[in-house]
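Examining the three-dimensional arrangement
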Amino acid sequence: MRVVIAEDLTLLRDGLTRLLKAFDFEVVDAIDNGPALLPALLRHRPDVAIIDVRLPPTQTDEGLKAAIAARTQIPGLPVLVLSQHVEPLYARELLTDQAGGVGYLLKERVSDVEQFVATVQQVAGGGTAFDPEVVAQMLARREPLAGLTAREHEVLRLIAEGRSNAAVAAQLFITEKVVSKHINNIFTKLRMPPSDDDNRRVLAVLMFLNA
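As recorded in an unreviewed UniProt entry, the protein goes by DNA-binding NarL/FixJ family response regulator and comes from Paractinoplanes brasiliensis.

**A short note on the packing of helix H8 (residues 165–172) against helix H9 (residues 176–189)**
The axes of two packed helices give the description: the angle between them and the distance between them. Where H8 meets H9, the closest approach of the two axes is 8 Å, and the angle between their N-to-C directions is 105°. Put simply, H8 runs roughly perpendicular to H9. Counting all contacts with H8, which are made through Asn165, Ala166, Val168 and Ala169, the residues of H9 involved are Glu176, Val179, Ser180 and Ile183. The residue makeup of the contact of H8 with H9, split by class, is five nonpolar, two polar and one charged.

**Considerations on the packing of helix H1 (residues 10–22) against helix H5 (residues 113–124)**
At a closest axis distance of 11 Å, the pairing of H1 and H5 adopts a crossing angle of 80°. Relative to H5, the element H1 is oriented roughly perpendicular. Between H1 and H5, the residues in contact are Leu16, Leu19 and Leu20 and Val113, Phe116, Val117 and Val120, respectively. Residue composition of the contact of H1 with H5, grouped by class: seven nonpolar, no polar and no charged.

**Details of the UniProt feature "modified residue: 4-aspartylphosphate" (unreviewed entry) in the protein**
As annotated by UniProt and renumbered to match this structure, "modified residue: 4-aspartylphosphate" (unreviewed entry) occupies Asp52. Structurally, Asp52 is set in strand E3 (residues 48–52). Setting aside chain neighbours within four positions, we find Asp52 in contact with Ala6, Glu7, Asp8, Gly63, Leu64, Leu82, Ser83 and Lys107.

**Here we look at H8**
All of the buried residues along H8 are Asn165, Val168, Ala169 and Leu172. One face of H8 carries all of its buried residues, which in axial projection span an arc of 100°. Phi for Phe173, located one or two positions after H8, is positive at around 60°.

**Re the pairing of strand E4 (residues 79–83)**
Counting buried positions over the five residues of E4 gives five, a clear majority of the element. Residues Val79, Val81 and Ser83 of E4 are buried on one face, and the alternating residues Leu80 and Leu82, pointing to the opposite face, are buried as well. Two strands pair when backbone bridges link them, and E3 and E4 are joined in this way by four bridges, in the parallel orientation. The partner of Ile50 across the bridge, within E4, is Leu80. A crossover connection joins E3 to the parallel E4 through helix H3 (residues 62–73); in handedness this β-α-β unit is right-handed. Sheet analysis places E4 next to strand E5 (residues 102–106), joined by five bridges and oriented parallel. Each residue of the ladder has a partner; that of Leu80, found in E5, is Gly103.

**Things to note about the packing of aromatic side chains**
Counted under the stated rule, the structure contains one aromatic pair. Seen from their ring centres, Tyr104 and Phe130 are 6.5 Å apart, and the 10° between their planes marks the pair as stacked. Of the two residues, Tyr104 sits in strand E5 while Phe130 sits in strand E6 (residues 128–130), which places them 26 residues apart along the sequence. Given a relative accessible area of 2%, Phe130 falls into the buried group.

**Observations concerning the environment of Phe187**
On the secondary structure map, Phe187 appears in helix H9. Phe187 sits 31 residues away from Leu156 along the chain, and the two C-alpha atoms are 9.8 Å apart.

**Regarding the sheet that holds strand E2 (residues 26–31)**
On the basis of which strands lie adjacent, the open sheet formed by six strands has the order E2-E1-E3-E4-E5-E6 and parallel pairing. What marks the edges here is a single partner per strand, and that holds for E2 and E6. Looking at each pair of strands side by side, their axes are set apart by 15° on average, direction ignored.

**Considering the side chain of Thr119**
Relative to the assigned elements, Thr119 resides in helix H5. With relative accessibility at 4%, the residue Thr119 sits in the buried group. Those residues in contact with Thr119 that lie beyond four places of it in its chain are Leu80, Leu105 and Ala129.

Scoring rules and cut-offs
Residues numbered from 1 in each chain as written. Predicted model: local features only at pLDDT ≥ 70, side-chain atom pairs only at ≥ 80, totals over all residues. Heavy atoms only, no water. Axes fitted to C-alpha atoms, helices over the stretch in contact; angles between N-to-C directions. Helix = DSSP H or I, 4+ residues; strand = E, 2+ residues; numbered from the N terminus. Parallel < 35°, antiparallel > 145°, perpendicular 65-115°, else oblique. Contact = heavy atoms within 4.5 Å. Nonpolar A, V, L, I, M, F, W, Y, C, P; charged D, E, K, R; others polar. UniProt positions renumbered as here; feature names shortened; annotations may be inferred. Buried < 20%, exposed > 50% of the residue type's maximum accessible area, 1.4 Å probe, protein only. Arc of directions from axis to C-beta. Pairing = 2+ DSSP bridges. Right-handed = clockwise from strand over helix to strand, strands pointing away. Phe/Tyr/Trp six-rings, centres within 6.5 Å; stacked < 30°, edge-to-face > 60°.

Structure (structure tokens):
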């Protein structure tokens, strides 16, 4: 699996490179600034891009802009964003084209190596994976969710993090049938059409949070 990394902190960039290589990823490029990122993405067309939101020279949103620009030219390019802080605006920006795998993790999550690698693989496979803290803040800001029960809030939070029905059931100690019922109730209350596409299901939830 081919990966492009964009991270200006040398220790983290090198650490990510070594970590991914240890799990048989091929790091085709490791970028440390915004202007070089878009050309690298267009040149390599990686299976997944791991990108810091803030890159030199301005340390604002160069990484995000490059990722969005690349996805307009490479539809569905999987992008996993790493950030030092919870920035829900950037999480929502990633969802505007509704295509391809997307993820948003806080950098501190990289220390859980197995979970981080699983997240990279999930996003590369077209899935969605958002940091629990980011999801929690997005959920907390949405008044339309007031109609959901406490259990439906829990289920929504877990599926927004990218968990499967089985994983949600295991986390909440309920059956998959009950999880499916909760999910159907959620989409009914949020006035969203049903879909058997798990990735579309999660994207629809997060797009609602962006409304």
